Each structure stands twice: as C-alpha cells, then as structure tokens.
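# Architecture and fold: a report
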Amino acid sequence: MSKSSTTYWNTNLKYLGVLLLIWFSVSFGCGILFAETLNKFQIGGFPLGFWFAHQGAIYSFVLLIFVYVYLMNKLDKKFDVDEI
Amino acid sequence: MSAQTWTYLLVGVTFFIYIVIAILSRAGSTKEFYVAGGGINPIANGMATAADWMSAASFLSMAGLIAFMGYSGGQYLMGWTGGYVLLALLLAPYLRKFGKFTVPDFIGERYYSKNARLVALICALFVSFTYVVGQMKGVGVAFARFLNVPFDTGVLIGIGIVFFYAVLGGMKGITYTQVAQFCVLLFAFTVPAIFISLQMTGNPIPQVGFGSKGTDGVYLLEKLNQISVDLGFDAYTSINKGNLVNMFFITAALMFGTAGLPHVIVRFFTVPRVKDARISAGWALLFIAIVYTTAPAVAVFARTNLINTLSETPYSDVPEWFTNWENTGLLTFEDKNNDGKIQYVAEANLNELTVDRDIIVLANPEIANLPPWVIGLVVAGGLAAALSTAAGLLLVISTSISHDLLKNYLRPNISEKGELYAARVAIAVAVVAAGLAGMNPPGFVAQVVALAFGLAASSFFPAIILGIFDKRMNREGAISGMIIGIVFTTSYILYFKPQLGGSGLPEDFWWGISPEGIGTLGMFINFIVAISVSRFTASPPKEVQELTERIRTPRGSETPDATLH
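Residues numbered from 1 in each chain as written. Chains lettered and ligands numbered in written order. Predicted model: local features only at pLDDT ≥ 70, side-chain atom pairs only at ≥ 80, totals over all residues.

Looking only at helices and strands, one finds 21 helices and two strands in chain B. Taking 565 residues into account, the globule formula puts the C-alpha radius of gyration at 24 Å, and chain B, at 24 Å, falls close to it. Projected onto its principal axes, the C-alpha coordinates of chain B cover approximately 80 × 55 × 40 Å. In chain B, which comprises 565 residues, the share counted as buried stands at 58%. Restricting the contact set of chain B to residue pairs at least 6 apart, pairs at least 24 apart contribute 81%. (Helix = DSSP H or I, 4+ residues; strand = E, 2+ residues; numbered from the N terminus. Rg over C-alpha atoms; globule rule 2.2 N^0.38 Å. Buried ≥ 20, exposed ≤ 12 C-beta atoms within 10 Å, placed from the backbone. Contact = placed C-beta atoms within 7 Å.)

Here the focus is the overall build of chain A. When helices and strands are counted, chain A shows three helices and two strands. Written out in order from the N terminus, the α and β elements of chain A read α-α-β-β-α. Compactness check: chain A gives a C-alpha radius of gyration of 17 Å against a globular reference of 12 Å for 84 residues, more than 25% above the reference. With the C-alpha coordinates aligned to their principal axes, the bounding extent of chain A is approximately 50 × 25 × 15 Å.

Once that is clear, we can look at the confidence of the model for chain A. Residues of chain A with pLDDT of at least 70 account for 99%, and the chain-wide mean is 93. When pLDDT is averaged over each element of chain A, helix α3 (residues 48–78) of chain A comes out on top at 95 and strand β1 (residues 42–43) of chain A at the bottom at 90. (pLDDT = per-residue confidence, 0-100.)

So, about the nonpolar core. Ranked by internal contacts, the top residues of the largest apolar core, which has 214 residues, are Ile65(A), Leu185(B) and Leu394(B). Among all residues touching Ile65(A), those that are not within four sequence positions of it are Tyr84(B), Val85(B), Ala88(B), Ala281(B), Gly282(B) and Leu285(B). (Core = buried A, V, L, I, M, F, W, Y, C linked by C-beta atoms within 7 Å.)

In this section: the packing of helix α4 (residues 56–69) of chain B against helix α13 (residues 274–310) of chain B. Residue and element names in this part refer to chain B. Relative to each other, α4 and α13 sit at 55°, their axes nearing to 8 Å. When the axis of α4 is compared with that of α13, the two are oblique. As for the relative orientation of α4 and α13, their crossing is right-handed in sense. On α13, the residues that touch Met 62, Ala 63, Ile 66 and Ala 67 of α4 are Ala 295, Pro 296, Val 298, Ala 299, Ala 302 and Arg 303. Class assignment of the residues belonging to the contact of α4 with α13 gives a composition of nine nonpolar, no polar and one charged. (Axes fitted to C-alpha atoms, helices over the stretch in contact; angles between N-to-C directions. Parallel < 35°, antiparallel > 145°, perpendicular 65-115°, else oblique. Left-handed = near helix turned anticlockwise from the far one by under 90°. Nonpolar A, V, L, I, M, F, W, Y, C, P; charged D, E, K, R; others polar.)

Residues and elements named next belong to chain B. Positioned with a positive phi, Tyr 112 is a non-glycine residue whose angle comes to about 35°. As for its position among the elements, Tyr 112 is in the loop between α6 (103–110) and α7 (114–146). Positioned with a positive phi, Asn 338 is a non-glycine residue whose angle comes to about 50°. Its place among the elements puts Asn 338 in the loop between β1 (331–333) and β2 (353–355).

Attention now moves to helix α1 (residues 3–33) of chain A. Helical geometry: 3.6 residues make up each α-helical turn, so side chains three or four residues apart lie on a common side. Of all the bends in α1(A), the largest measures some 35° and sits at Ser25(A). Within the span of α1(A), buried status applies to Tyr8(A), Asn12(A), Trp23(A), Val26(A), Ser27(A), Cys30(A), Gly31(A) and Ile32(A). In this structure, the buried side of α1(A) is in contact with α2 (35–38) and α3 of chain A together with α5 (74–98) and α11 (244–258) of chain B. (Bend = angle between axes of the 7 residues up to and from the residue.)

A few words on the packing of α1(A) against α11(B). A pair of packed helices is captured by two measures, namely the crossing angle of their axes and the spacing between those axes. Where α1(A) contacts α11(B), the two axes come as close as 11 Å, and the packing angle between them is 155°. The angle between α1(A) and α11(B) places the two elements in the roughly antiparallel class. Crossing of α1(A) against α11(B): the hand is right-handed. Packed against α1(A), whose contacting residues are Ser27(A), Phe28(A) and Ile32(A), the element α11(B) presents Leu244(B), Met247(B), Phe248(B) and Thr251(B) at the interface. Here the residues of the contact of α1(A) with α11(B) are counted per class, giving five nonpolar, two polar and no charged.

In structure tokens, the structure reads:
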C-alpha cells in the first residue's frame, strides 16, 4: 500500500471511529443506559431519555450519514481517488 | 362516499399505477434484472430502499406495539433505523465498489470459496423466505378486513400483482414501483397523524405535537402517564429498569441485522457510483425516519384516544368501529362484573377489554373520527408497504437461485439469455410458493420474522465487515465464524422459544437476554471465532488481498473489476 493510500484509509477509519462513537452515545447511551437519569430533564413535554429513545436518536442517525458523506467526498477529492 | 367505496377506489388506483410502471420498465438483461442496470438515481434508490425496508409490520403493527409498550418500544424505533448508519459507513460504499450482484457474490469471491458462497446462499434464502411469507399474510389481512374478500382471495390478488411486475421488470420494475409505493405509504401514514395531531394538540407536526400541551393545557404525555397509572399500568414514559440489558441487546440485534439483510444490501448495488451508495443510504434513512418519528406520536395519540373513548363507557354506547372490530375477533369485551361498562385496567382478572396491537394503525382514523377517505388511504398504504417489501425479498430469492446457485455453482456456462430466463422462472416460482405459504403460514413464520434479524446479524454482518476491514481475514475464519454464529443463535432461539417447541423458561435466559436479542451475542461470537481461526490458518491469496485493498477507494467503480472473473 502506498503512503498516500494508507493516510487516506487511516483518515477514513478516524472519521468512522468518531461518528460511530456518536452513533452509540445517542442511541445506546442516551436512549437506554442513561435514559433514567436524562428523564429527570424535560424538553417541552418530553422527558429527555424518552425523547432520545423515540425521536432524538433517529434524527442523529440521519445527520451522521450526511456528515459522513460530506467528509468522505472531501477526502476522496483531496487524495484524488474520487469518481467522475 | 363510504369508507368502503373510498378503499376500493384508492386501492384500485394505486394498483393500476404499479402495473403501468411495470410495463414501462421491463428488464432486458440480467444486469437490469438483478441491479436495475446499476443506473438508479440515489434519491430514487433512497425511496425504493425505504419502501423495501418498511414492511407490513412497520406500517401496520409498529405504532400499535409502541402504544402498548411505551418507552421500551424505543428498541424498535432505534433498532430499525440505526442499522442504516452502519450500512452507510461500513458496508454500502465498499460493496458498491466491489460491484457484483449479490451478497453471496461478495462472500464467495472475498473468501475464494464456493462453500462460503453456498453457506451465504442458504442463509440468504432462509432469511428472505420466512420474511416474505409474513408480507403475504399482511396482504391477506388488509384485504379481508377492508375489501370484504376472503383472506385467501386477498393473498391471491397480492400474488397476481407482484407476479406481474416482478417477473416482467426484475429489479428495474421493482425499483420504480417501490418509488411509487413509498409515496403512497408515506402519504398514508403521515396524513392521518397530522389530522389527529391538529385535533388533539393544535400542532400540525406530529413529532412536535405529542410533546405539546393538549386542548386542556396539560402536556399530552403527562396526561397519558397519569391515566395509565390510574388504571394500574406503568407510566408511559417510565423506564423499565429490569429490562434494560435485554432492550440493549434487542436494539443491537435489530441494527446489526438490518445491516446484514440481503434485500437491503442489494439495493446499494443499483446506484452508479460509490459516492451515490453513501448518499443513497442517507436518503433512505431520511425517508424512513419520517415514518419512524411519526409512529411514536401515532402511538401516544392512539393510546390516549383509546382509553378516553372506551374506559368506563357503557357497552351500549360504544362507537360503530368498536362493533366492526369486535366482529373480526381482534377486539373483545367481556363484562366480568356485569355493570354494563367497559373496565380497561392492568389487573388481568378485572380487565374486560382485549385489543390486538395490530389493529391500532388501521383503527386509529376511525377512533379519531377522521373522514372516510383517510381510512381508504391507510389501507392502500398498508398494501403498498407489504407489496414493496415482498417484491424486494422475492428478487433476492430468485437472484440467489439463478445467479448464485445456477450460474456460479451448477452451470457456469449458462448464456446471458438463459440466465435471464432462469431468473424469471425462479421469481415466478418464488412468488407462488410465498403466496401459498402465506395462505397457510406454518406456525413458526410469525415467530421467525422477528428473529430473521438475529440470524442476519450473527451470520452475514461479521463476514462482510471483516472482509472489508481485515485484510488478514481468510476463508477458514469467515466460514467457521458464520457457521458457529448462526448455529449458536438458532439453538438459543429454538431452546427458548416455546412457540418453536423450546423447553427453556424466561428465568433461565442468559443475562436476561430474550431470543429476539441473542443475535447480538451470536455476532460477537462470530467475530471472535473468525478472527482467532484466521490467525492460525494461512493468509488469503495475494489477489484477494489486492481485492480488499481495491474496494477501499472509490475510483474505478464505473467499470466492475474483471480480474477475478
């Protein structure tokens, strides 16, 4: 593997690590493991833990994918591996 | 016009549209038949994926399930959406770069083994077939209740429609029909929710509405918590602490299972480029999220309405929809204390009302007194959801047979024309078989549909992920991982599922994990076995290592790699 493709792959893995950490935190973290604690807070009529499990996690998932697409399209261009 | 007439009209019009689309998008080659020529626009593919993904269960059953589960229902909401993040980040772009037609294609070539392909093929067939039978049953139920035709006739009409556009158009016909079906089901799911949200909270956005104050100035959720507690149920938003480990495992099994389901993965082979595969997963999840964030709102509205309308109501005053559903046997009232009123309470020997969870979405517009055309719309939406998922699954079944089994295993010299012909015959046979099984579903089907996710998570997911991210992963590791993962998961399910003849008791569940969540553990076992075995056996051949490296960068996706043919 050439040096630039190693850097490309490692940057990709770094993005994946950060985004998947957020993925885990909003769903398994806020929606399940810490839901009880978060339920002490409210946004509007929603207890916060409940809101994450029924709404917030899903919104975050959608955002995560679009952020990943943006980051990768930029990375592909930078390393000149993008498609026509 | 009556609800009945509206239903006939709307179902008739939508079916007509599906047939016209099918005629306009006939498939001419195997590439068109398997992956729609690989030229689908990413947004259209997102819609098709969403329709493919949202089944009769998502559309008809999920909101009802949540209405009765409260907070814990979040496991379905997060579980059935979170997998798309994994798909977009870890699978779709790389499999698109690989550029073949099926999941067994990838497994077979990455693990340079016909046996690996065969194992993957059998898993794909098993998962897809059990799943499709459930859809056929959903079609029959919707027809039987709303169009007053016998259940079997309903299934037959469903078979006829799917047969027509799947056999004719293959993936191409299915994709464009699914785009139309997505629009129908999205409209059908959100319109009633918007109406009800306006009615109950004055806010037209259901996602916001169910966290708002009702007409009496009290937060809707607070009120629902209060009436639930008064009747002896748990507060709707309260957390069931004893169940958190199980909820964690079920959510994970659904997520990883989603990312391993062949009929979802194959959708990302249909877009032109790697970057289209990434963004397409984003669109798919966005479209799914509209329905999945509306569903919990529908659940809260329906549960509140149901209790308010029925609790302590004299039986002589019940609304018409109550009697209609009583006739189907899906809603029953038994006046245990002979006071002539409906007591709906948590205490089992005092409770007089039983409501099947599956009727909530269908009955919701009637419970909220919405105009009759909304009811017709919901039925058309339910049918769109069932048919689109059935078609996607049937395609996976036929591709597995004509491409993976026939072309790559039994008769490699078959001509392009012969393979296309075989694909059409295979899908025709699969449609009929699924329909017949849908009429007389073996008892295990309903149980197995929910478990298909666990099986996909414990077999495919690790094999694909390791095939992309671990260059050292070899044939021996992947095959032993898949086999041990799926055998472990199946055994646990068989032992602990009484409906499947298992003798295990819930108190003996390992760490409280129910059969629905065990796929997560199966997946970890698969990963551990695969990695350990691979490190003690020979490295994969050089050309496979090069393949692994090649799929990691997007450029060159337009011309599928020819070196490994």
